[in-house]
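# A closer look at the structure
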Amino acid sequence: MEDHDKKQRQPHCLVLAYPTQGHINPMLQFSKRLQHKGVRVTVIFSHFALKTIHKKSTSIALESISDGFDDGGVTSAESDKAYLDRFWQTGPRTLTELLEKLINSGNTFDCLVYDSFLPWALDVAKRFGVLGAPFFTQSLAVNTIYYHTHKGNLKLPFTESEVSLPGLPTLSCCDLPSFLYVKGAYPGFTGMVVNQFSNIEKADFVLCNTFYELEQEVADWQGKIFPLRTIGPTIPSMLLDKRIQDDNDYGFDLFKPNNDDCMKWLSDKPRGSVVYVSLGSLVVLDTEQTEEMAWGLRDSGYYFLWVVRETELEKVPKDFLESSEKGFVVTWCPQIQVLEHEAVGCFVTHCGWNSTLEAISLGVPVVGMPQWTDQSTDAKYIVDVWKMGVKVEADPKGIVRRESLKQCIKEVMETERGKEMKRNANKWKDLAKRAFEEGGSSDKCFEDLVKHLVTSPNAQVPRK
Ligand SMILES: O=c1ccn([C@@H]2O[C@H](COP(=O)(O)OP(=O)(O)O[C@H]3O[C@H](CO)[C@@H](O)[C@H](O)[C@H]3O)[C@@H](O)[C@H]2O)c(=O)[nH]1
């Protein structure tokens, strides 16, 4: 706890996470930082996520509510719409029950920070008379695009060839999040991302996992509309500013990590010689794409560490696993430790926002292979705005061919342009670190948030 907070009463913040890995990681890291600043934090998962998670011991209190799928998580629902509909019906009631239980056992709380995918949580917070703040786990650029869609400034499905929005570079149709231009795909998620803004005018803060210097123009624009606080990148402190001792990793995995084997395999590889490959926790490739990827990695000639989740493994060609002596395939790894390792020279990624922020914070240049949702917008920024990577193009059938992947890897690993990308990645890494040093842009946002929590009138009195 920092000195200035020790003398004051301790505020209590509840943090409600959407139950997938890419949402759990940033909200947990946010919670650790808040706790370090003297705030008591309780993180709320779904029952299933809490039951499934492989976790290290943590000083953060954990609770859970039903999302309507207590025996299987998000991916067990028939469709995105079926999952969200049931969560929407169940969540407000089960969250209310949990808050009542907390109050009845003598707790007070000042604020509910909730994943922006769950805007109904703000209405629950307001019924209990506490502060409410959505936490956006995707980039400010992506959120801004959804905001304009919510406002009707972008009509769906998007059919123009280009779009110009305040604070953003000119975007071609396929730089937009896929929900906006792939007609009819994922109706549940499409409605959800637009609905993130349905009640935002009632929010006391709008938190986003980014840092001011990274998305300055759009942050300035959004800051005029919302009480925006940029509180990222939510990378464990010991890999960034080193102000929170022992904060070395996320510590909560929905998949069983293969830590020792990965780090051992990396340990004898020369500096910058390894290509690290992961498409995050949700992407599902078809067999043809998996095969092209496998042979592209082998043909690059580099060492590679490839994460293929258990459920995807059967698509990897059998002879490939036996024949590629420079490759190592694992079902889950400690990604941030891998990216921090000096042996890693390049990251082949789907450009999920956490993976993007991790590449930025650890200074690793990227081969972007976006698949869906916000990833195409992140890839656009990686290539054209932050200039720290390339994007591998798919053929007219939508498949990234082995030759294209191989060429992109070689460009990042071998060419002058690749060296420039590495220099740019290191520049962003320095800026990310500075954002969390004392007085840095993200640190100031945390300080401001804590100041409001400390002076919140709600902590003393349990309310119904
Ligand atoms: O072997 C692995 C692979 C991944 N990770 C971690 O898992 C997280 C993955 O997050 P992300 O890169 O954002 O990908 P997804 O899991 O696919 O995240 C979903 O959620 C994100 C936040 O909303 C979106 O940006 C993505 O597009 C969406 O797919 C990261 O923190 C990784 O470090 C590991 O720890 N080990």
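### Regarding the overall build of the chain
The number of helices and strands found in the chain is 18 helices and 17 strands. Based on the C-alpha atoms only, the size of the chain along its principal axes is roughly 65 × 50 × 45 Å. In the chain, buried positions account for 59% of the 464 residues. Considering only residue pairs separated by 6 or more positions, the chain has 69% of its internal contacts joining residues 24 or more positions apart. Accessible area of the chain: about 18,700 Å², with a carbon and sulfur share of 49%.

### Brief notes about the sheet that holds strand β17 (residues 389–391)
Spatially, six strands are ordered β14-β13-β12-β15-β16-β17 in an open sheet, and the strand pairing comes out parallel. At either margin of the open sheet sits one strand with a lone partner, and together these are β14 (327–330) and β17. Pairwise comparison of adjacent strand axes, ignoring direction, gives a mean angle of 15° for this sheet. As paired strands, strand β12 (residues 274–278) and strand β13 (residues 303–307) are joined by four bridges and run parallel to one another. Each residue of the ladder has a partner; that of Val277, found in β13, is Trp306. Of the strands in this sheet, β12 and β13 are in contact with helix α11 (residues 287–300), which crosses β13 at around 155°.

### Focus: the layout of surface pockets
A volume near 550 Å³ is recorded for the second largest pocket. Val344, Leu362, Gly363, Lys422 and Asn426 are the residues nearest the centre of the second largest pocket, which is lined by 29 residues in total. At the level of elements, α13 (335–340), β15 (344–349), α14 (353–362), α16 (402–414) and α17 (416–436) are the ones that each hand at least two residues to the lining of the second largest pocket.

### Quick word on the pairing of β13
Along β13, four of the five residues are buried, which leaves the element largely enclosed by surrounding structure. Considered for its hand, the β-α-β crossover made up of β12, α11 and β13 is right-handed. Relative to β14, β13 is paired through four bridges, and the arrangement is parallel. From the neighbouring strand, Phe304 faces β14, where its bridge partner is Gly327.

### Considering the domain arrangement of the chain
Domain boundaries assigned for the chain yield domain 1 (12–243 + 437–454) and domain 2 (257–429). The gap between the C-alpha centroids of domain 1 and domain 2 is 27 Å. The interface is formed by 36 residues belonging to domain 1 together with 24 residues belonging to domain 2. Approximately 2,400 Å² of surface area, both sides summed, lies buried where domain 1 meets domain 2, with 66% of it carried by carbon and sulfur atoms. The largest share of the area that domain 1 buries against domain 2 comes from Asp175, Leu214 and Leu239, three residues that together contribute 24% of it. Inspection of the domain 1/domain 2 interface yields zero salt bridges. Joining domain 1 to domain 2, the criterion identifies six residue pairs in polar contact (both at pLDDT 80 or more). Every element with two or more residues in the side of domain 1 that touches domain 2 is listed here: α2 (21–36), α6 (140–150) and α7 (178–181). Of all the elements, α6 adds the most residues to the side of domain 1 that touches domain 2, at four residues.

### Some details on the nonpolar core
Taken as a class, soluble globular proteins show a tendency for nonpolar side chains to be buried jointly. Grouped together as the largest cluster of nonpolar side chains are 157 residues, with contacts concentrated most on Leu16, Phe30, Leu95, Val113, Trp306 and Val367. Top contributing element to this core by residue count: helix α4 (residues 80–104), with eight residues. Counting residues domain by domain, this core receives three or more from each of domain 1 (12–243 + 437–454) and domain 2 (257–429). For Phe30, the contacting residues outside a window of four places in its chain are Val15, Val113, Phe135, Leu207, Ile231, Thr234, Phe446 and Leu449.

### Some words on the packing of α11 against α16
At a minimum axis distance of 8 Å, the contact between α11 and α16 shows a crossing angle of 40°. Accordingly, the angle class assigned to the pair α11 and α16 is oblique. Handedness of the crossing formed by α11 with α16: right-handed. Counted together, Glu292, Met293, Trp295, Gly296, Leu297, Asp299 and Ser300 of α11 and Arg402, Leu405, Lys406, Ile409 and Lys410 of α16 form the full contact between these two elements.

### Here we look at the sheet that holds strand β2 (residues 40–46)
Backbone hydrogen bonds hold the strands of a sheet together, and the pairing may be parallel or antiparallel. Strand order in the open sheet made by the seven strands is β4-β2-β1-β5-β6-β9-β10, with parallel pairing throughout. Edge positions in the open sheet fall to β4 (61–65) and β10 (228–230), since each of these has one partner strand only. Averaged over all adjacent pairs, the angle separating strand axes in this sheet is 25°, with direction ignored. Note that strand β5 (residues 111–115) and strand β6 (residues 131–136) share five bridges and pair parallel.

### Points about the pattern of salt bridges
Here the structure, examined in full by the defined rule, presents 28 salt bridges. With its nearest N and O atoms 3.5 Å apart, the salt bridge here joins Glu97 to Arg93. Of this pair, Glu97 and Arg93 both sit in helix α4, four residues apart, which is roughly one turn of that helix. Judged by its relative accessible area of 42%, Glu97 falls in the partly exposed class. In this structure Arg93 comes out as partly exposed when scored by relative accessible area, which is 48%. Through salt bridges with shared partners, one network takes in Glu288, Glu292, Asp395, Lys397, Arg401 and Arg402.

Rules and cut-offs
Residues numbered from 1 in each chain as written. Predicted model: local features only at pLDDT ≥ 70, side-chain atom pairs only at ≥ 80, totals over all residues. Heavy atoms only, no water. Helix = DSSP H or I, 4+ residues; strand = E, 2+ residues; numbered from the N terminus. Buried < 20%, exposed > 50% of the residue type's maximum accessible area, 1.4 Å probe, protein only. Contact = heavy atoms within 4.5 Å. Areas by Shrake-Rupley, 256 points an atom, 1.4 Å probe, with all protein chains shown as cover. Pairing = 2+ DSSP bridges. Axes fitted to C-alpha atoms, helices over the stretch in contact; angles between N-to-C directions. 1 Å grid on protein atoms, 1.4 Å probe; cavity = no way out; pocket = protein on both sides within 12 Å on 5 of 7 lines; lining within 4 Å. Points joined across faces, edges and corners; volume = space filled by probe spheres on them. Right-handed = clockwise from strand over helix to strand, strands pointing away. Domains from an automatic or database assignment. Buried area = accessible area lost by both parts, 1.4 Å probe. Salt bridge = Lys/Arg side-chain N within 4 Å of Asp/Glu carboxyl O. Polar contact = N/O pair within 3.5 Å; in protein donor to acceptor, adjacent residues only side chain to side chain. Core = buried A, V, L, I, M, F, W, Y, C linked by side-chain atoms within 4.5 Å. Parallel < 35°, antiparallel > 145°, perpendicular 65-115°, else oblique. Left-handed = near helix turned anticlockwise from the far one by under 90°.

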